[in-house]
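Per-entry structural report
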Amino acid sequence: MVKTADVVIIGGGAIGTSLLYHLTEKGVRNVVLLEKGLLCAGSTGDSAAIMRQHYSNEVSIRLVKKSLEIFQHFPEMFDGAEVLHNVGWYFLVPPEATELFRDNIAQLKRLGVRTWEMSLADAAEALPGLNMEGIGCVAFEPDSGYVDPHGMASAFAAKAKSKGAHVYLQTPARDIKLSNGSVSAVVTDQGEISTPVVVNAAGPWAKVVGRWMGLDLPLEVTRESEIVARIPADIPPVRHSVSNMVDRTYWRPERRGMLLVGVGHPKENELVDPNQYSREVSRDFVEDLTRRLSHRLPSMEGAMFVKGWSGLYTVTPDWNMILEKNPDVEGLYLAVGGSGHSFKISPAIGLCMAELIVDGAASTVDITSLRGARFTAQTHLSSTYGGNRA
Ligand SMILES: Cc1cc2nc3c(=O)[nH]c(=O)nc-3n(C[C@H](O)[C@H](O)[C@H](O)COP(=O)(O)OP(=O)(O)OC[C@H]3O[C@@H](n4cnc5c(N)ncnc54)[C@H](O)[C@@H]3O)c2cc1C
């Protein structure tokens, strides 16, 4: 293991690997990524990884637009690696949210997102078998869909390694040493790495990492379940990603005739300890999800559930990430609090954090509104629909 580094990143999920890649692109060669498990061992590996651009705050829209551009150019950038499944994304919205929805669509269009409201008749045609009852409006994004999280993270890490970065898997960071209030080293079981810069990208464990330096980061960890079901052979194929605000579900195609399904917000958060929670899905969850899904897609009634799992969201008070050069500890950067929607913006977050570290400010997207100080200054980011539908 190296003894010194210009930057040490803690966490090999979507955010950490994206940052690693973008730092090497900016010429930082002696950069280390420490991952306590394998790549994508945390939230990233459990993610539905649905790609949509329908955000309601400007910074998220700009981040997701840039991320989509990176996903679209992935094959050229990463030796043919194709990670974006551009199957399109539909958003089903209840009538009571119509006004907010239309304001959002107008803002998205103004910021250059290719999206529009569809007529209900067109939506019914595009989504065969969909029960249209209770749906007020439908948005469509032709450029969206879903992404392969393992493909993305491994491509970022491999390219960074080819440029000299060091990736240490199954190597937990145990502590961060400070000298006169500044970061000086990261402690591992294989020894210490001296470094002036550490990035906390530890996902659900970010709060623990913060505590090493006496920080109490405003993060909570919640348990989130998903299921994969076999699509019956005799029904029209389900080809698109869908976020269904009407019944609070989402789904997207999974390989080999399968559908990945989860429950959306608003819902009660189940707070858990990231080191001690059930990875299983509960019977109640399966029953509830079956009921909601077969109401909206009646042909899925009786569909065979193949597998399910529970992963973790790391949630901030306003459900948006904290991205910053930390004001309390010199040399510490935070890229924490994915809040259940930050896989899709991780390419741009890595780029912006690399700019912040190397140039002193992010130039691709102004991320200053995502500094943690917003929680003490009471300048939380607002979002139209709440929860992870930021
Ligand atoms: C069920 C589910 C569905 C989701 N669906 C979507 C979706 O459809 N679209 C979307 O955009 N987002 C979605 N998300 C959210 C998205 O997956 C996360 O916001 C994103 O993956 C967070 O990435 P991360 O790199 O911050 O965290 P993580 O992926 O958790 O990475 C953190 C890494 O740090 C490592 N680590 C922790 N502590 C240490 C240590 N001390 N030393 C070394 N390594 C350490 C962990 O092992 C982990 O691999 C979903 C999340 C879940 C759980």
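Residues numbered from 1 in each chain as written. Predicted model: local features only at pLDDT ≥ 70, side-chain atom pairs only at ≥ 80, totals over all residues. Heavy atoms only, no water.

Turning our eyes to something else, we now look at the overall build of the chain. The helix and strand tally for the chain stands at 10 helices and 20 strands. What you see for the chain is a C-alpha radius of gyration of 21 Å, in line with the 21 Å of a compact globule of 390 residues. In terms of overall dimensions, the chain has C-alpha extents of about 65 × 40 × 40 Å along its principal axes. A total of 390 residues make up the chain; the buried ones form 58% of that total. Here the contacts in the chain between residues at least 6 apart in sequence split such that 75% fall between residues at least 24 apart. Computed over 38 positive and 44 negative side-chain charges, the separation of the two mean positions in the chain equals 3 Å. (Helix = DSSP H or I, 4+ residues; strand = E, 2+ residues; numbered from the N terminus. Rg over C-alpha atoms; globule rule 2.2 N^0.38 Å. Buried < 20%, exposed > 50% of the residue type's maximum accessible area, 1.4 Å probe, protein only. Contact = heavy atoms within 4.5 Å. Lys, Arg positive; Asp, Glu negative; His and termini not counted. Charge placed at Lys NZ, Arg CZ, Asp CG, Glu CD.)

Here we take up the sheet that holds strand β16 (residues 249–254). Strand order across the open sheet formed by 8 strands is β6-β7-β5-β15-β16-β17-β14-β18, with mixed pairing between neighbours. Both outer strands of the open sheet, β6 (116–118) and β18 (304–315), are each paired with one neighbouring strand and no more. Looking at each pair of strands side by side, their axes are set apart by 25 degrees on average, direction ignored. Here strand β15 (residues 241–244) pairs with β16 via 3 bridges, running antiparallel. Opposite Ser243, over in β16, you have Tyr250 as the bridge partner. Each of β5 (89–93), β6 and β7 (137–141) is contacted by helix α5 (residues 98–110), which is oriented at about 20 degrees to β7, the strand it contacts most. Lying over the sheet, helix α9 (residues 283–296) contacts β5, β14 (220–230), β15, β16, β17 (258–263) and β18, oriented at roughly 110 degrees with respect to β17. (Pairing = 2+ DSSP bridges. Axes fitted to C-alpha atoms, helices over the stretch in contact; angles between N-to-C directions.)

Contact geometry for helix α1 (residues 14–25) and helix α10 (residues 346–359): axes closest at 7 Å, N-to-C directions at 50 degrees. If you check the angle between α1 and α10, you find them oblique. Handedness of the α1/α10 crossing: right-handed. Only Ser346, Pro347, Ile349, Gly350, Leu351, Met353, Ala354, Ile357 and Val358 of α10 make contact with α1, whose side of the interface consists of Ala14, Ile15, Ser18, Leu19, His22 and Leu23. Its residues assigned to classes, the contact of α1 with α10 comprises 11 nonpolar, 4 polar and no charged. (Parallel < 35°, antiparallel > 145°, perpendicular 65-115°, else oblique. Left-handed = near helix turned anticlockwise from the far one by under 90°. Nonpolar A, V, L, I, M, F, W, Y, C, P; charged D, E, K, R; others polar.)

Turning our eyes to something else, we now look at the pairing of strand β12 (residues 191–194). Both strand β11 (residues 182–188) and β12 contribute to a ladder of 4 bridges, which runs antiparallel. By the bridge assignment, Val187 is partnered in β12 with Glu192. Adjacent in sequence and paired antiparallel, β11 and β12 are bridged by 2 residues.

Okay, the nonpolar core next. By size, the foremost hydrophobic cluster in this structure holds 57 residues, and its most contacted members are Val7, Ile9, Leu23, Leu63, Met353 and Ile367. Contributing elements (two or more residues each) for this core: β1 (7–10), α1, β2 (31–34), α3 (58–72), α7 (149–162), β20 (332–336) and α10. The residue makeup of this core includes at least three contributed by each of domain 1 (7–49 + 149–218 + 318–375) and domain 2 (87–143 + 220–315). For Val7, the residues in contact, after removing those within four places along its chain, are Leu23, Val28, Asn30, Val31, Val32, Thr195, Val197, Val199 and Ile357. By size, the runner-up hydrophobic cluster in this structure holds 27 residues, among which are Ile10, Ile176, Val209 and Leu217. (Core = buried A, V, L, I, M, F, W, Y, C linked by side-chain atoms within 4.5 Å. Domains from an automatic or database assignment.)

Along the chain, the position of Leu33 falls in strand β2. Considered as a pair, Leu33 and Asn86 are 53 residues apart in the sequence and their alpha carbons are 30 Å apart. Contact partners of Leu33, with chain neighbours within four places excluded, come to Ile9, Gly11, Gly12, Gly16, Thr17, Leu20, Leu39, His166, Val167 and Tyr168.

What follows concerns the domain arrangement of the chain. According to the domain assignment, the chain consists of domain 1 (7–49 + 149–218 + 318–375) and domain 2 (87–143 + 220–315). Domain 1 puts 13 residues into the contact, and the matching count from domain 2 is 19 residues. Of all residues in domain 1, Asp46, Ala48 and Trp319 bury the most surface against domain 2, accounting for 45% of the area lost on that side. Taken together, the links from domain 1 to domain 2 amount to 1 salt bridge. The shortest N-O distance in the salt bridge between Arg279 and Asp46 comes to 2.7 Å. Of the residues in the side of domain 1 that touches domain 2, the class split is 5 nonpolar, 7 polar and 1 charged. (Buried area = accessible area lost by both parts, 1.4 Å probe. Salt bridge = Lys/Arg side-chain N within 4 Å of Asp/Glu carboxyl O.)

Now for the sheet that holds strand β19 (residues 322–325). Strand order in the open sheet formed by 6 strands is β9-β2-β1-β13-β20-β19, with mixed pairing between adjacent strands. Every interior strand has two partners, whereas the edge strands, β9 (166–168) and β19, have only one. Strand after strand, the sheet turns through a mean of 15 degrees between neighbouring axes, direction not considered. Sheet topology places β19 next to β20; 4 bridges connect them, and they run antiparallel. Pairing of Lys325 across the sheet is with Tyr333, part of β20.

In the vicinity of the ligand lie 37 residues, with Glu35, Ser43, Thr44, Ile50 and Lys344 positioned nearest. For the ligand, a nitrogen atom lies 2.9 Å from a polar atom in the backbone of Ala173. Interatomic distance of 2.8 Å between a side-chain N/O atom of Lys344 and an oxygen atom of the ligand. For the ligand, whose unbound accessible area comes to 1,000 Å², protein coverage reaches 96%. Elements with a contribution of two residues or more to the shell around the ligand: α1, α2 (43–46), β14 and β18. Each of domain 1 (7–49 + 149–218 + 318–375) and domain 2 (87–143 + 220–315) accounts for three or more of the residues forming the shell around the ligand. (Near = heavy atom within 4 Å. Polar contact = N/O pair within 3.5 Å; in protein donor to acceptor, adjacent residues only side chain to side chain. Areas by Shrake-Rupley, 256 points an atom, 1.4 Å probe, with all protein chains shown as cover.)

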